[in-house]
Amino acid sequence: MSLNKSERRQRIKFRIRKIVSGTAAQPRLSVFRSNKEIYAQIIDDVNGVTLAAASSREAEITKGTNIETAAAVGKLIAERALKAGIDTISFDRGGYLYHGRVKSLAEGAREAGLKF
């Protein structure tokens with residue numbers, strides 16, 4: 001029995017989440033990518049709290065190509081994380097390949113000062 005695309009991604013996501021977990025000292029940067037938008041959250045899994053969030057739907061993000069928009073979201077989430085006192089994170093790609101928009105978001109966050 002073969003899996004469809006979303007079932008396959010869910011399996012990969014669960015496999016990643018067995019390993020990657022966020023703490024108060026090193027929270028998890030979770031990425032969700034839809035066909036149109038990209039979202040990022042910094043999560044403390046121990047307390048079950050979202051510490052910072054950013055998305056491409058926000059007014060601060062200028063629209064460009066998908067890759068440019070993802071990089072801008074990465075920079076925005078990094079600025080918000082640094083403001084909250086977070087400088088080291090664990091990166092959770094959410095079952096997506098580390099390629100394209102996900103990679104661009106990660107590189108944007110690294111350029112803005114996050115370490116992972």
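Quick note: structure is the one above.
Keep in mind that what you see is a predicted model, and the values were worked out from it rather than measured.

K.L.:
Describe in detail the pairing of strand E1 (residues 28-33), supporting the description with residues and values.
P.N.:
Here 6 bridges tie E1 to strand E2 (residues 38-44), and the two strands are oriented antiparallel to one another. Looking at the pairing, Arg33 lines up with Ile38 of E2. Where E1 folds back onto E2 in an antiparallel hairpin, the turn is made up of 4 residues. Summarising the sheet, E1 and strand E4 (residues 90-92) pair through 3 bridges and their orientation is parallel. Directly across from Ser30, in E4, lies its bridge partner Asp92.

K.L.:
Account for the environment of Val46, naming residues and giving values.
P.N.:
When you line up the elements, Val46 lands in the loop between E2 and strand E3 (49-55). Among the residues examined, Val46 registers a relative accessible area of 61% and is labelled exposed. The spacing of Val46 and Gly22 is 24 residues in sequence and 6.9 Å in space, taken between C-alpha atoms. When near neighbours in sequence (up to four residues on either side) are disregarded, Val46 contacts Gly22 and Thr23.

Reading guide: rules and limits
- Residues numbered from 1 in each chain as written.
- Predicted model: local features only at pLDDT ≥ 70, side-chain atom pairs only at ≥ 80, totals over all residues.
- Heavy atoms only, no water.
- Pairing = 2+ DSSP bridges.
- Helix = DSSP H or I, 4+ residues; strand = E, 2+ residues; numbered from the N terminus.
- Buried < 20%, exposed > 50% of the residue type's maximum accessible area, 1.4 Å probe, protein only.
- Contact = heavy atoms within 4.5 Å.

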